[in-house]
Every structure is written in structure tokens, then in C-alpha cells.
Amino acid sequence: MSADSSSGPKSEAAASETLRPEPVTTVKLKGTGSYTPKRVLTNKDLTEIVETTDEWIVTRTGIRERRIAAPDESASDMAVEAATRALASAGLSANDIDLVIVATITPDMPFPSTACLVQDRLGMRKVCAFDVEAACSGFIYITEIATAMLQSGRFRHALIIGTEKLSSILDWKDRATCVLFGDGAGAAVLSSQAPSGSGVIDTRLGSDGSSSGILYMPGGGCRIPASGESVAARHHFLKMNGREVFKIAVRIMEKATLEILERNRVPLEQVRCIIPHQANVRIIEMLSDRMQIPMERFHVNLDRLGNTSAASVPLALDEALTQKKIGTGDYVVLVAFGAGLTWGATLVKL
Ligand code: ACO
């Protein structure tokens, strides 16, 4: 047995932390699309629902308004709209897709998956479809899963969607949470191609279940199934310790962004735009300050959409592309954190 302390499982684990395996194919971001519901809920409207002010919400969060889905509009309805636009932007039809992954914490139902509903509604072939639950980091998680599946060579075109109807799980009596969130969907088409220098370069994901209690929804699972008591106790609503989440979010997003760049030897100065999870503009301002990059290099749309959890990153990505803030050849970092806790960062070269 070797006495060399640098060998063995520990050092292997350390090596896999720092080394990026060489991809066998390029996974290209072929197209994006988004959808937001028509109804705008302004901060002023919220003052009629809870005791709050426009000034409090704007100064503490940067949010001015958010979109709220119609009562009969579900996560799958919004996903279908965003996906249709992503397919059009990719120049592909639903028939070309052989993998559908949806990230959401507000699925139409606990089961079947929202991805299966989308597969049917888009008239796709009977392809692999499933949901992933990683809260606000959901889109980064499904980007990594889809990338790995495409790189396996067994899939060619993946449709990945973040969609949320958060208004359905908000406690409209809790002013500390109901002012923060909104509804919407963002989608992307990823396709495998011959190796090239662009595409999804790399993703890092992480989790820490020991902090699960700072952001969660206690009811509706097997631990607290729906009952008259659970509803009366308001267990079927999102709960959050905002201050704790805030502190962790800044640290995690900075670390995840710097790690993905370091691992791929891309200097921060070469990154055209950072697309962060849209939770609170103060979190993004702190990131800008700590990383010493101007706010203009972050794409921010939370003033108009609030926090849309798994839809937040793809909605912002689609908007930055549509506004031509980013384009071919640019390095872009997508970075998010959310309940779980979960987090992740993806480096893309467009
Ligand atoms: N209007 C007026 N006052 C309010 C409101 C409101 N809407 N909400 C809370 N307050 C009050 C509180 O009651 C408290 O009053 P008190 O001092 O008399 O007790 C005071 O404002 C300060 O409350 P804090 O919670 O300490 O306010 P803070 O400055 O921390 O801001 C916020 C709260 C905006 C939630 C912030 O902590 C935050 O953004 N946290 C991060 C949230 C986040 O990023 N979530 C993302 C993950 S979401 C996901 O994964 C699904």
C-alpha cells in the first residue's frame, strides 16, 4: 500500500473539483424564448393587499412591478409559450427535440411532471421528459443535466424550460415575501454539435441541505399532506428568512462565478455579461461591488419582473440576447442560488 498521502480518494476528489473534463461535443445555445403573463401587479397595487409602501419595496429590493398569471394559466401554459418562442429562435420544430427538462417549484400538479404536459401540448415525439426541482437554481441545474445528456451522444436537441406560477404559493398576508415574487417562463434550446470553441463551456453546481429551513414550503409533501388543518396553518405557502438568504446569496454567487471562471481560465474582464438570479438588486449591487465590475455588466430585469425563481435566469438571458446586450463570441456567466440551498454557475460562449 502506498504511503503517499497525495494519492487516494481524498486527492481524487480534490482533483475532480478543479479539473474540467474535456467535452466530446460542443453543446450550443441554439435559441431562447420567454413568456410573461399580461397582468402587471405594481408596488402601489400591493399597498392595497398588505401594509407596505412602494418606497420600502424599491429601496429594499429594487422591484417596482411583477407579472401575475391568470387564475386559469398554469406553469405548463407559460412553459409552452416560452418553448414555442425558443424553438422559433433556434429554427427548429417541436419534432426535432429529443429531450425536455422543466425546472419548477410550482408544477401544474405534484405529478405527472410539467415536462410531460409540455411534451404533449407541443405535439412532440414521445421523447424523454422530466422535471427538476432546484428552486431558483433550477435553470442552471437543467443546463448541466441537458449538457451532459447531449454530450453522451444519445440526444441531439434539448428543450430546457424554467417556469413558475409563484403567485399560487405566496402567502398574500405575509408582506415580507409576497412583494418579492412574480410569474413567468423562460426557455432555451441546446443542441450537440461537432467540437468548437463556443457553446456551454462548463457548469458548477452545489447544495447545502443543512440550510433547508431558511427557504421552504412545509405543506403538500408527505410530511404535511394537505388537510383542513394544514391549510388553516398556512403550511402551503412559501416561507423565507430573507435576511439569512441574503447573506448566503451574496457569498455563494460571488464564489460560484469566480470558480467557474478560474476553472476555465477565463479572466473576469473577458466576461461580457453576468446574468444573475433576479432576487434583489441589493444582492447584485453587492456582487458588483465585491467583484469590482460595474452594474452595467450585470443584466437586471427584476425591477419589472420580480423574482421568478427557476424562470429568472432564462428570462433575463432571453432579454439580454433580444436587446443585443450580448451576442456571438461573448462570454456570459449565468449564476443562481435558491432553496435547498442550491446554487450553480454556467459559463457560456455565445
Ligand atoms: N413592507 C414594509 N415593511 C416590511 C416589508 C414590506 N413589504 N417586509 C418586511 N418589512 C419590515 C419587517 O417587518 C421589518 O420590520 P421590523 O424591523 O419592525 O421588524 C423590517 O421591514 C425589516 O425586515 P427585514 O426582513 O430585516 O428586511 P431586509 O432589509 O432584510 O429585506 C428582504 C428583506 C427584501 C426579503 C431581503 O432580506 C432579501 O431580499 N433577502 C433575500 C431574498 C432572496 O434572495 N430570495 C431568493 C431566493 S427565492 C427561492 O429560492 C424560491
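Residues numbered from 1 in each chain as written. Predicted model: local features only at pLDDT ≥ 70, side-chain atom pairs only at ≥ 80, totals over all residues. Heavy atoms only, no water.

**As for the sheet that holds strand S12 (residues 331-338)**
Moving on, step 1. The mixed open sheet is built from four strands, whose spatial order is S8-S13-S12-S11. Two strands close off the open sheet at either side, each with one partner strand: strand S8 (199-207) and strand S11 (271-276). This sheet shows a mean twist of 15° between the axes of neighbouring strands, independent of strand direction.
Moving on, step 2. Helix H12 (residues 312-322) rests against S11 and S12 of the sheet, and its axis sits at about 145° to S11. (Pairing = 2+ DSSP bridges. Helix = DSSP H or I, 4+ residues; strand = E, 2+ residues; numbered from the N terminus. Axes fitted to C-alpha atoms, helices over the stretch in contact; angles between N-to-C directions. Contact = heavy atoms within 4.5 Å.)

**Some remarks on the site of the ligand**
Moving on, step 1. Of all residues adjacent to the ligand, which total 27 residues, the nearest are Thr52, Arg60, Cys136, Arg243 and Asn280.
Moving on, step 2. Between the ligand and Arg60 there is a distance of 2.7 Å, counted from an oxygen atom to a side-chain nitrogen or oxygen.
Moving on, step 3. A distance of 2.6 Å separates an oxygen atom of the ligand from a polar side-chain atom of Asn280.
Moving on, step 4. In isolation the ligand offers 1000 Å² of accessible surface; the protein chains occlude 76% of this area.
Moving on, step 5. When residues in the shell around the ligand are grouped by element, the largest group, four residues, is from helix H9 (residues 242-263).
Moving on, step 6. Residues that form the shell around the ligand fall into these classes: 15 nonpolar, seven polar and five charged. (Near = heavy atom within 4 Å. Polar contact = N/O pair within 3.5 Å; in protein donor to acceptor, adjacent residues only side chain to side chain. Areas by Shrake-Rupley, 256 points an atom, 1.4 Å probe, with all protein chains shown as cover. Nonpolar A, V, L, I, M, F, W, Y, C, P; charged D, E, K, R; others polar.)

**Let's talk about unusual backbone geometry**
Moving on, step 1. With an omega of 0°, the peptide bond running from Phe111 to Pro112 counts as cis.
Moving on, step 2. Structurally, the position occupied by Pro112 is in the loop between strand S4 (99-103) and helix H5 (114-121).
Moving on, step 3. Following Gly340, the chain continues into Leu341 via a peptide bond in cis, with omega recorded as -10°.
Moving on, step 4. A positive phi angle, near 50°, is found at Ala135, a position not held by glycine.
Moving on, step 5. Relative to the helices and strands, Ala135 is located in the loop between strand S5 (128-132) and helix H6 (138-151).
Moving on, step 6. Owing to a relative accessible area of 3%, Ala135 belongs among the buried residues under this scheme.
Moving on, step 7. Even without being glycine, Gln292 reaches a positive phi, approximately 55°.
Moving on, step 8. Structurally, the position occupied by Gln292 is in the loop between helix H10 (281-291) and helix H11 (302-305). (Buried < 20%, exposed > 50% of the residue type's maximum accessible area, 1.4 Å probe, protein only.)

**A few points about the sheet that holds S4**
Moving on, step 1. The strand order across the open sheet formed by five strands is S1-S7-S6-S4-S5, and the pairing between neighbours is mixed. Both edges of this open sheet fall to strand S1 (26-35) and S5, since each of them pairs with a single strand only. Between one strand and the next, the sheet's axes are offset by a mean angle of 20°, whatever the strand orientation.
Moving on, step 2. Note: strand S6 (residues 157-165) against strand S7 (residues 183-193), nine bridges, orientation antiparallel. In the strand pairing of S7, Ile161 is matched with Ala187.
Moving on, step 3. Where helix H4 (residues 75-90) meets the sheet, its contacts fall on S1, S6 and S7, and the angle it forms with S1 comes to roughly 130°.
Moving on, step 4. Packing against the sheet, H12 makes contact with S1, S6 and S7, and its axis sits at approximately 95° to S1.

**Re the packing of H9 against H10**
Moving on, step 1. Relative orientation of the contacting elements H9 and H10 amounts to 45°, with a least axis distance of 10 Å. On the basis of their axis angle, the class for H9 and H10 is oblique. The way H9 lies across H10 gives a crossing that is right-handed. Contacts from Phe246, Ala249, Val250, Arg251, Met253, Glu254, Thr257 and Leu258 of H9 reach H10 at Arg282, Ile283, Met286, Leu287, Arg290 and Met291.
Moving on, step 2. Broken down by class, the residue content of the contact of H9 with H10 amounts to nine nonpolar, one polar and four charged. (Parallel < 35°, antiparallel > 145°, perpendicular 65-115°, else oblique. Left-handed = near helix turned anticlockwise from the far one by under 90°.)

**Observations concerning the side chain of Asp202**
Moving on, step 1. As for its position among the elements, Asp202 is in strand S8.
Moving on, step 2. Here Arg263 takes part through its side chain, which lies 2.8 Å from a polar atom of the side chain of Asp202.

**Some thoughts on the domain arrangement of the protein**
Accessible area lost upon the coming together of the parts serves often as the stated size of an interface.
Moving on, step 1. Parsing the protein into structural domains produces domain 1 (26-193) and domain 2 (199-349).
Moving on, step 2. Taking only C-alpha atoms, the centre of domain 1 and the centre of domain 2 are 14 Å apart.
Moving on, step 3. Between domain 1 and domain 2 lies a buried interface of about 3700 Å² when both sides are counted; carbon and sulfur atoms form 64% of it.
Moving on, step 4. In terms of surface lost to domain 2, no three residues of domain 1 exceed Cys136, Ile140 and Tyr141, which account for 18% of the buried area on that side. (Domains from an automatic or database assignment. Buried area = accessible area lost by both parts, 1.4 Å probe.)

**A closer look at the pairing of S11**
Moving on, step 1. By the criterion of burial, S11 is predominantly enclosed, with five of the six residues buried.
Moving on, step 2. Direction of pairing for S11 relative to S12: parallel, over a ladder of five bridges. Looking at S12, one finds that Ile274 is bridged to Val333.

**Some details on the packing of H4 against H5**
Moving on, step 1. Where H4 contacts H5, the axes come no closer than 9 Å and their chain directions differ by 50°. On the basis of the axis angle, H4 is oblique to H5. The two elements H4 and H5 meet at a crossing, and its hand is right-handed. Along the contact surface, H4 presents Ala75, Ser76, Asp77, Ala79 and Val80, while H5 presents Thr114, Leu117, Val118 and Arg121.
Moving on, step 2. When its residues are assigned to classes, the contact of H4 with H5 shows five nonpolar, two polar and two charged.

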